[in-house]
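Close look at the chain arrangement
Single-letter residue listing:
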Amino acid sequence: MGETSLQDKFDQAQQKINEAKDKFPSLESVEEAPKRYNPYKGQPFLKRVVLGGNFQVNRQQPVSFDAAINLTYPLGLKSSVGISGATRIFVQKPKENQVKDNATSIRSFGRYNFWKAFFIQGNYEYTQLQPTDINEADLGERWVQSALIGLGRSMTIKKGIQMNLTVFYDLFFDATTSPNNQALVMRLGFDLNRK
């Protein structure tokens, strides 16, 4: 029993050595190993960039949700930056005295995985709001800035698809001008990894 256990340990060690050889095929010795391994180094931009998206439900009346498409650029194993575009989709018609805030956003973000599947993320967003009334009459337009900081968790759904749940706090929140009806914003997203 002891011999089998020892053999299993040797097999595991050999497997780790083989994985390291695959990662660093031209490495002559351990002294030449890079201090920080970056699997993305040297990859072309289009092979490196990750397509994804997210959505958030807006609970103010009339009910709507914001749908976004993301392009994420990994800088290393733990950090990434990206850009995103979002639009607001209404699932309810406005009533007599309600105003509908049509919204289109341009977003930039940075993300850092600090522990296992948990990450912190900061967003800077620039949103064009176009309020309309029940008759779709334009009530003017304005541009609003948002600075979001949040905590998130990643979950692998299946190979190549990762789901992200992020809770943000809007540092620039203003009840009269912000695109969201509260400072806390929750978004559910996905990334299509090609690994």
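Heads up: the structure comes first, above all this text.
Described in the following lines is the structure provided in the data block. (Residues numbered from 1 in each chain as written. Predicted model: local features only at pLDDT ≥ 70, side-chain atom pairs only at ≥ 80, totals over all residues. Heavy atoms only, no water.)

1. Let's talk about the pairing of strand β3 (residues 79-90)
- As paired elements, strand β2 (residues 64-74) and β3 share 11 bridges and run antiparallel to each other. Paired with T72 across the strands is G82, a residue of β3.
- Pairing of β3 with strand β4 (residues 100-115), which is carried by nine bridges, proceeds in the antiparallel orientation. Bridge pairing in β4 places I83 opposite S108. (Pairing = 2+ DSSP bridges. Helix = DSSP H or I, 4+ residues; strand = E, 2+ residues; numbered from the N terminus.)

2. Overview of the pairing of strand β5 (residues 118-132)
- Here 15 bridges tie β4 to β5, and the two strands are oriented antiparallel to one another. The residue of β5 that forms the bridge with K100 is T132.
- Hairpin connection, β4 to β5: the antiparallel pair is bridged by two residues, and K116 has positive phi, about 50°.
- With 12 bridges joining them, β5 and strand β6 (residues 142-158) adopt antiparallel strand pairing. Across the sheet, residue F118 finds its bridge partner in β6, namely R153.

3. As for the packing of aromatic side chains
- In the structure shown here, the tally under the stated rule is three aromatic pairs.
- An angle of 15° between the planes, with centres 5.7 Å apart, marks the rings of W115 and F118 as stacked.
- Judged by centre distance (5.1 Å) and plane angle (25°), the ring pair of Y126 and W143 falls under stacked. With Y126 in strand β5 and W143 in strand β6, the pair connects residues that are 17 residues apart, well separated along the chain.
- A cation over an aromatic ring shows up here: K100 above the ring of F90, its NZ or CZ 5.2 Å from the ring centre.
- In this arrangement the basic side chain of R111 is found over the ring face of F119, its NZ or CZ atom lying 4.7 Å from the centre. (Phe/Tyr/Trp six-rings, centres within 6.5 Å; stacked < 30°, edge-to-face > 60°. Lys NZ or Arg CZ within 6 Å of the ring centre and 35° of its normal.)

4. A short note on the pattern of salt bridges
- This structure, assessed with the given rule, holds four salt bridges.
- In this structure, R107 and E125 form a salt bridge, with 3.6 Å as the shortest nitrogen-oxygen distance. Remark: E125 occurs in strand β5 and R107 occurs in strand β4; sequence separation between them is 18 residues. The burial state of R107 is the same as that of E125; both residues are buried. (Salt bridge = Lys/Arg side-chain N within 4 Å of Asp/Glu carboxyl O. Buried < 20%, exposed > 50% of the residue type's maximum accessible area, 1.4 Å probe, protein only.)

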